[in-house]
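Coordinates in review
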Amino acid sequence: MSVNKQKIWVDASIGGYGEIWMRIIGFYTVAGLRPEFEIGLLIPEFLNELCVITFGDRLKFLSREDKKDIKYEFTNFGLRHLLPGIIKGKRYISPIQRTAIRDKKNKNYVKNTLNDWASIAMDFIGLVHIPKIKWSSTYHGFLEMVSIKQFRFMDYESFVEQTKRDYTRIHEKLNGNIPLSPELVIPSDLNDNVLVFPTGTSRQFMPVEWAKKYLPDAYYAFFHKSGSLPIFKEHGLKTVSYYKEAGDMIALSKHAKWTVVTDSFHSHVIQSANEKCTVLITELIKERVVNPSFRGKVVDAEVPCHPCIHMTGSPVCAAGYTKCLNWDHAVYTSNVISSTLKQ
């Protein structure tokens, strides 16, 4: 990369893997719009080889040794948790704090207003970068980019147009020579079957009872160490395992007749790699988690409590249910099934 480029090196390894994938898509899009930036990203090691192959023509992927030269760090924490790092000279990118406040059903007006003004002040002096609230309902990869002051030149329409221009390039790379785990075994009859990635955090997980009733002949894909894999097997469902390489998910999906994914890490990777795919929305709004360039199908939530607040680890959702009501909704179920039928 040219020494004349403006260097933007970021610790992008913070957050869930799906969030990180959308972040990488965002940076790749920015680099396509403004090639004068040298964008360097520190990401989880297991994603590194796949991302170098796919996005390395525009982005530089950093090693742990580069961390001392990284200026910015993504965070999901509130301001009070960031103060020790700020004092030490760290600078943060915080794209979701204002969005989370907006998403809450029960609003504490005084507290939220104070937090919002504090965030605006920290952004003004360049300590914590935040997006404008008007972008809260846009694709997460864009929301994160316009948190960064140097990238606030973008409007959403330009971002979307660039992601669509990039689609074929990314799709071809992800369907080329990508890293796969040596343990991966692809069932010989997978091309005659629907493949489902049922896992997710919070209420995104597809219940095994729903799977057995409505997609009994599908293959269900799990990380090989998942505690849910034996549960699906015990219910008589066909399962297939993937391993440490993210490319495993792509290879399985590519061989299936059709793929169904919950809103999860699998979803974000497969959106970039496979058009024969249905993304199931249960928690967040589809505009925030579906790549604007995705050419597959989306089954949107049908229940009145959607969208909901992400509550990982809680036995119930914000509305008080142990299972997402979408799984008991007849229209939602019908839309999922019909999306898998041959067109």
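Residue numbers restart at each chain and count upward from 1, following the sequence in its written direction. This being a predicted model, a pLDDT of at least 70 is required before a residue's local features are given, and a value of 80 or more before pairs of side-chain atoms are given or counted; all residues contribute to the totals for chains, interfaces and linings. Note that water and hydrogens are dropped before the side-chain values are worked out from all heavy atoms of the structure.

A word on the pairing of strand β8 (residues 219-223)
Going by this rule: Remark: exposure states derive from per-residue accessible area (1.4 Å probe, protein chains only) relative to the maximum for the residue type, with buried under 20%, exposed over 50%, and partly exposed in between. Under the DSSP-based scheme used, a helix requires at least four consecutive residues in state H or I and a strand at least two consecutive residues in state E, with every element numbered from the N terminus. Between any two strands, at least two bridges found by DSSP are needed for them to pair. Handedness rule for crossovers: strands pointing away from the viewer, path from the first strand over the helix to the second running clockwise, crossover right-handed.
Judged by how many residues are buried, β8 sits mostly within the fold: four of five residues are covered. Across two bridges, the pairing between strand β7 (residues 194-197) and β8 is parallel. Residue Leu195 lies in a different strand from β8, and its bridge partner there is Tyr219. With five bridges connecting them, β8 and strand β9 (residues 238-242) associate as parallel partners. Each bridged residue has a counterpart across the sheet, and for Tyr219 the counterpart in β9 is Lys238. Taken together, β8, helix α9 (residues 229-234) and β9 constitute a β-α-β crossover, and its handedness is right-handed.

Quick notes on the sheet that holds β7
In plain terms, the rule: Helix axes are fitted only over the stretch in contact, all axes being lines through C-alpha atoms; the angle between N-to-C directions runs from 0 to 180 degrees. Contacts are residue-level and defined by heavy atoms, with any inter-residue pair within 4.5 Å sufficient.
The parallel open sheet is built from six strands, whose spatial order is β9-β8-β7-β10-β11-β12. Each having just a single partner strand, β9 and β12 (297-299) make up the two edges of the open sheet. Averaged over neighbouring strand pairs, the angle between their axes works out to 25 degrees when direction is ignored. As defined by bridge partners, strand β11 (residues 277-280) adjoins β12 across three bridges and the pair is classed as parallel. Bridge pairing in β12 places Leu280 opposite Val299. In the packing of helix α10 (residues 247-255) onto the sheet, contacts are made with β7, β9 and β10 (258-262), and the angle to β9 comes to roughly 140 degrees. Packed onto the sheet, helix α11 (residues 265-273) meets β7, β9, β10 and β11 and runs at close to 140 degrees relative to β10.

A few points about the packing of helix α1 (residues 17-33) against helix α2 (residues 45-55)
Keep this limit in mind: Roughly parallel means an angle under 35 degrees; roughly antiparallel, over 145; roughly perpendicular, 65 to 115; everything else is oblique. In this scheme, a crossing is called left-handed if the near helix is turned counterclockwise away from the far one by less than a right angle; it is called right-handed if the turn is clockwise. Ten residue types, Ala, Val, Leu, Ile, Met, Phe, Trp, Tyr, Cys and Pro, are classed as nonpolar, four, Asp, Glu, Lys and Arg, as charged, and the remainder, Gly among them, as polar.
Look at α1 against α2: their axes get within 12 Å of each other, and the N-to-C directions meet at 25 degrees. In this view, α1 runs roughly parallel relative to α2, as classed from their interaxial angle. At the point where α1 passes α2, the crossing takes the right-handed sense. Here α1 contributes Tyr17, Ile20, Trp21, Ile24, Ile25 and Tyr28 to the contact with α2, which in turn contributes Phe46, Leu47, Leu50, Cys51, Thr54 and Phe55. Of the residues belonging to the contact of α1 with α2, the class tally is eleven nonpolar, one polar and no charged.

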